[in-house]
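Working through the structure, step by step
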Amino acid sequence: MNLTYPSYNVMLTLCENKITVLSIENPQAYSQILSDIWNQCQGGDGEFILSHHATIKSISKEIACIFNPFVLNSGDKKILNKLYSILQEQTNEWLIHESASLNRNIIDFFDKLSQHVPYALEYNLNLDIVNLFKSYDVKPENFGESLLERIVEYLRIQSQLCNLKIFVFISLKQYLTTDELKLLYEFVFYEKIHLIIIEPIHSPQIYGEKGCIIDKDLCIIDIDELTPLS
């Protein structure tokens, strides 16, 4: 899988068990690249090209871009839509009798309720299980206490529930300690997740990272993977 940005001759090869770091020291390039990756992850226009074996892939369907890891939550629209779809499938396959019984009880409730008001009531006789999930605010459990826990659980749910495997984080290395980053990297390697970190200045390199630097003069400097620390 390759993520390219032709304007600055950037080509990031996404490899298993590798963290891709793109350090952009030129402010104009940094602003332009962040704008494009955000727009394209939302379905808009931009210059990034994601390809796999010469096939162009949809960035909005394949990549999630996180500017602020502190706002990650289990109520993300994509997560909930996928969760409700799965729960509906499971209900139809395994709990069809329970669903019918629940619908009868709800109708019985409205029938009895209508006897206590001086006007007729009209209501849908068919249970919409997805609306029921929404009414009860069904969602994955909150991600955790620490920032690292929230990031890990967010990636786990997006990967396992939504089958999303590519994540772009902005300045992630400025939020986590080196030890926390190592734990995060171990997790994404295990889950076979591609993690891309974009930052405005090249930070100290950690084992497992590779990528490139766009310096202030727009020159491209490749970052080789470090050898394991003793």
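Overview of the structure. Since this is a predicted model, take the numbers as computed values, not measurements.

What counts, and where the lines are drawn
- Residues numbered from 1 in each chain as written.
- Predicted model: local features only at pLDDT ≥ 70, side-chain atom pairs only at ≥ 80, totals over all residues.
- Heavy atoms only, no water.
- Pairing = 2+ DSSP bridges.
- Helix = DSSP H or I, 4+ residues; strand = E, 2+ residues; numbered from the N terminus.
- Core = buried A, V, L, I, M, F, W, Y, C linked by side-chain atoms within 4.5 Å.
- Buried < 20%, exposed > 50% of the residue type's maximum accessible area, 1.4 Å probe, protein only.
- Contact = heavy atoms within 4.5 Å.
- Expected span 1.5 Å × (residues − 1).
- Arc of directions from axis to C-beta.
- Axes fitted to C-alpha atoms, helices over the stretch in contact; angles between N-to-C directions.
- Salt bridge = Lys/Arg side-chain N within 4 Å of Asp/Glu carboxyl O.
- Patch = residues over 30% accessible without salt bridge, like charges linked within 9 Å, V, L, I, M, F, W, Y side chains within 5 Å.
- Areas by Shrake-Rupley, 256 points an atom, 1.4 Å probe, with all protein chains shown as cover.

**Topic: the pairing of strand β1 (residues 2-5)**
- Pairing analysis gives 4 bridges linking β1 to strand β2 (residues 10-13), with the strands arranged antiparallel. Across the sheet, Tyr5 pairs through a bridge with Val10, a residue of β2.
- Between β1 and β2, which follow one another and run antiparallel, lie 4 residues, and Asn9 among them has a positive phi close to 55°.
- Looking at chain direction, β1 and strand β4 (residues 49-52) are connected through 3 bridges and run antiparallel. For Thr4, the partnering residue across the bridge sits in β4 and is Ile49.

**A few points about the nonpolar core**
- Among the nonpolar cores identified, the biggest contains 36 residues, and Ile151, Tyr154, Leu155, Phe167, Leu184 and Leu195 are the most heavily contacted of them.
- Those elements giving two or more residues to this core turn out to be β3 (19-24), β6 (63-66), α3 (77-94), α5 (129-135), α6 (147-162), β7 (166-170), α7 (178-191) and β8 (194-199).
- Broken down by element, the residue count for this core peaks at 8 residues, all from α6.
- Residue contacts for Tyr154: discarding those within four places in its chain leaves Ala64, Ile66, Leu72, Ile79, Phe143 and Phe167.

**A closer look at the environment of Val152**
- Positionally, Val152 belongs in helix α6.
- Through-space distance from the C-alpha of Val152 to that of Leu184 is 6.9 Å; in sequence the pair is 32 residues apart.
- Once residues lying within four places of it in the same chain are set aside, the contact partners of Val152 are Leu184 and Phe187.

**Section: helix α1 (residues 27-41)**
- The end-to-end C-alpha separation of α1 is 21 Å, in line with the 21 Å expected for 15 residues at 1.5 Å each.
- Burial in α1 covers these residues: Ala29, Tyr30, Ile33, Leu34, Asp36, Ile37, Gln40 and Cys41. Relative to the axis of α1, the buried residues are bounded by an arc of 165° and lie together on one face. For α1, the exposed residues set more than 90 degrees away from the buried face come down to Pro27 and Gln28.

**A look at the sheet that holds β1**
- Spatially, 4 strands are ordered β2-β1-β4-β5 in an open sheet, and the strand pairing comes out antiparallel. Only two strands of the sheet have a single neighbouring strand rather than two, namely β2 and β5 (55-57). If you compare each strand with its neighbour and ignore which way they point, the axes differ by 30° on average.

**Remarks on the pattern of salt bridges**
- For the coordinates displayed, the defined rule picks out 5 salt bridges.
- Across the pair Lys112 and Asp108 runs a salt bridge, and its minimum N-O distance is 3.4 Å. Residue Lys112 and its partner Asp108 are located together in helix α4 (residues 96-114), separated by 4 residues, close to a single helical turn.
- Note on Lys112: relative accessible area 48%, which makes it partly exposed.
- We classify Asp108 as partly exposed; its relative accessible area is 35%.
- Notably, a salt bridge pairs Asp137 with Lys139, separated by 3.8 Å at the nearest N-O pair.
- Accessibility expressed as a relative area gives 47% for Asp137, which makes it partly exposed.

**Re a nonpolar patch on the surface**
- Together, Phe109, Leu113, Tyr119 and Leu121 make up a nonpolar patch on the protein surface, roughly 400 Å² of accessible area in all.
- With respect to the helices and strands, Tyr119 occurs in the loop between α4 and α5.

**Quick word on the sheet that holds β3**
- Pairing is mixed across the open sheet formed by 6 strands, whose spatial order is β6-β7-β8-β3-β9-β10. At either margin of the open sheet sits one strand with a lone partner, and together these are β6 and β10 (220-223). Averaged over all adjacent pairs, the angle separating strand axes in this sheet is 15°, with direction ignored.
- Strand direction decides the pairing type here: strand β9 (residues 209-214) and β10, joined by 4 bridges, are antiparallel. Bridging across to β10, Cys212 finds its partner in Asp222.

Keep in mind these values describe shape, not function.
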